[in-house]
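Chain residues, written in single-letter form:
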Amino acid sequence: MENLIGDLDVLNPQDAEACETVHVLKDENTGNKRKLYIESYGCQMNFADSEIVASILQKEGFDTTSDIATADVVFLNTCSIREKAEQTVRNRLTHINGLKKQKPELLVGVLGCMAERLKAKFLEEEKIVDLVAGPDAYRDLPALISQVDDGQKAVNTFLSREETYADISPVRLNSNGVTAFISIMRGCDNMCSFCVVPFTRGRERSRDPYSIVQEATQMFAQGYREVTLLGQNVDSYKWSPEENNKAWIEKNGVSNIITFANLLEMVAKVHPDLRVRFSTSHPKDITDDVLHTMAKYENICKYIHLPVQSGNTRILDIMNRGYSREWYLDKIKSIRTILGNDCGISSDMITGFCTETEEEHQDTLSLMDAVEYDFAYMFFYSERPGTLAAKKYTDDIDLDIKKRRLNEIIQKQTEHSLKRNKLDVGKVYKVLIEGFSKRSEEYLQGRNSANKVIVFPKGNYKKGEYVHVLVEDCTGATLMGKTINS
Ligand code: SAH
Ligand code: SF4
Ligand code: F3S
């Protein structure tokens, strides 16, 4: 089952949420002596954090390496979203244990959400671990590493109400040089009953818009042509300017409180050739203001990841999502009215949540028929310790049933992805080239505004350029075409 999900991932490898892929930071050589290897799991936010960690430690005498065998320090930046994600990390630690036997001085640290969830217990459960640091403790890593160098174990899982790492420029070691991610907020206050994130990432806080615009401006100057603004719920972005930023805010003509729609506009104005994407939107919070801002700027991509989780109102209610099936379908209607049928829409869905009946599962399928998503990440429910659902409800749907229901929604999504892609055949799209296609260096690939991957013969084009491509064919995952003069 999980393999099927992996296959679907290919359409959207850079989406912010829920990929179960591993990222290893690339090599960096600034002449530093100690070598740091970071492997990251989970969502785009973790991948972005690893670049902040690399930036903090670069100043402390570390260069990153992509070869674990040459590392002095190994960090796993972990995810707790489903049980499987945690199991992957434990298996990895068993493997790293083998390396440590040959190299006893190797420092092994766990970062991220699983570190936050287990805290010092990690040290008891996995003897190989020397250091545990939660998502808000990365500035303390140099001190924690010194503590381990002095022969102790080190733990910091303090969650902050303020930390946004706003002043730290991440070293972009995950990037293709064209597209990159910018964290605009941290944490989540939503308390969806199935979800561990509020416990592992703490309270929601928004980052200073000034630092966000500055980062986007710098990236454009360095040749980047697309930024994705990241947060667990970008629609609740909210920032009240501090005194010393007021002059700047006035100059930029935005009111005192900056909403997500304001921020989108500010980033869109950095340069018309800088594409802006964002993830994740929450159906209860996305506003028409955001949709109108998207419509107003050509460079704000017409693509919305709007996770529904379930198509049934009773299930949504016990999931604590804060909206009903009808509310969600109304939001879809607004998107279609304001942004048209070409706007890409994707979703996350969970099957077999506590007490879900067969009819309620059918509601998810019928909602999918009503929306016709371009893409979806789909999971069966995995109970997470400490969440509201774990405390309040019994995880009472058999694994076989959860998987069968998951299979059904995957099958439906596969049909819809193909159907939606077929609508694009014969149309011309502006594509930002991201690099060679996965299969052949004779072809390039990029995405259109709606986030569809388009492959075309390379000609004399280079990554980072915009081209117009006529779509001639498609699969459920990819569009194929040829460039045309525009
Ligand atoms: N902030 C995003 C989601 C972050 S987690 C949002 O609100 O939509 C990414 C996805 O993982 C979720 O959308 C959900 O579909 C899935 N997920 C979260 N907790 C899960 C659990 N306990 N079991 C199965 N899937 C889960
Ligand atoms: Fe989890 Fe809900 Fe927050 Fe998303 S909005 S991170 S699903 S609690
Ligand atoms: Fe992301 Fe996983 Fe944490 S999805 S926020 S790394 S629990």
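Not measured: the values here are computed from a predicted model.

Reading the values: the criteria
- Residues numbered from 1 in each chain as written.
- Chains lettered and ligands numbered in written order.
- Predicted model: local features only at pLDDT ≥ 70, side-chain atom pairs only at ≥ 80, totals over all residues.
- Heavy atoms only, no water.
- Near = heavy atom within 4 Å.
- Nonpolar A, V, L, I, M, F, W, Y, C, P; charged D, E, K, R; others polar.
- Domains from an automatic or database assignment.
- Buried area = accessible area lost by both parts, 1.4 Å probe.
- Salt bridge = Lys/Arg side-chain N within 4 Å of Asp/Glu carboxyl O.
- Polar contact = N/O pair within 3.5 Å; in protein donor to acceptor, adjacent residues only side chain to side chain.
- Helix = DSSP H or I, 4+ residues; strand = E, 2+ residues; numbered from the N terminus.
- Buried < 20%, exposed > 50% of the residue type's maximum accessible area, 1.4 Å probe, protein only.
- Pairing = 2+ DSSP bridges.
- Right-handed = clockwise from strand over helix to strand, strands pointing away.
- Axes fitted to C-alpha atoms, helices over the stretch in contact; angles between N-to-C directions.
- Parallel < 35°, antiparallel > 145°, perpendicular 65-115°, else oblique.
- Contact = heavy atoms within 4.5 Å.

Considerations on the site of ligand 3
Then comes step 1: Around ligand 3, the neighbouring residues are Cys43, Asn46, Cys79, Ser80, Ile81, Cys113, Val197, Arg201 and Gln232.
Then comes step 2: Looking at side-chain class alone, the shell around ligand 3 contains 5 nonpolar, 3 polar and 1 charged residues.
Then comes step 3: Summarising the domain contributions, the shell around ligand 3 has at least three residues from each of domain 1 (4-156) and domain 2 (175-301).

Quick word on the domain arrangement of the protein chain
Then comes step 1: Assigned domains of the protein chain: these are domain 1 (4-156), domain 2 (175-301) and domain 3 (428-484).
Then comes step 2: Summed over both partners, the interface of domain 1 with domain 2 buries about 1600 Å², with 50% contributed by carbon and sulfur atoms.
Then comes step 3: The interface formed by domain 1 and domain 2 includes 4 salt bridges.
Then comes step 4: For Arg205, the salt bridge goes to Asp136, with nearest N and O atoms at 3.1 Å.
Then comes step 5: Counting across the interface, domain 1 meets domain 2 through 5 residue pairs in polar contact (both at pLDDT 80 or more).
Then comes step 6: Elements that contribute at least two residues to the side of domain 1 that touches domain 2 include exactly α2 (44-58) and α4 (112-118).
Then comes step 7: Looking at the side of domain 1 that touches domain 2, the element that brings in the most residues is α2, giving 6 residues.

Structural notes on the pairing of strand β17 (residues 375-380)
Then comes step 1: Across the 6 residues that make up β17, a large majority, 6, are buried.
Then comes step 2: Covered by surrounding structure in β17 are Phe375, Tyr377 and Phe379 together with Ala376, Met378 and Phe380, the residues of both alternating faces.
Then comes step 3: Relative to β17, strand β16 (residues 344-351) runs parallel, the two being bridged by 6 bridges. The partner of Asp348 across the bridge, within β17, is Tyr377.
Then comes step 4: Regarding the hand of the β-α-β motif, the stretch spanning β16, helix α14 (residues 358-371) and β17 is right-handed.

Some remarks on the packing of α14 against helix α16 (residues 399-424)
Then comes step 1: Between α14 and α16, the least distance of the axes is 10 Å, while the angle of their chain directions is 10°. As judged from the angle between their axes, α14 and α16 are roughly parallel. In contact with Glu358, His361, Thr364, Leu365, Met368 and Asp369 of α14, α16 contributes Arg404, Arg405, Glu408, Ile409, Lys412, Gln413 and His416.
Then comes step 2: In terms of residue class, the contact of α14 with α16 is made up of 3 nonpolar, 4 polar and 6 charged.

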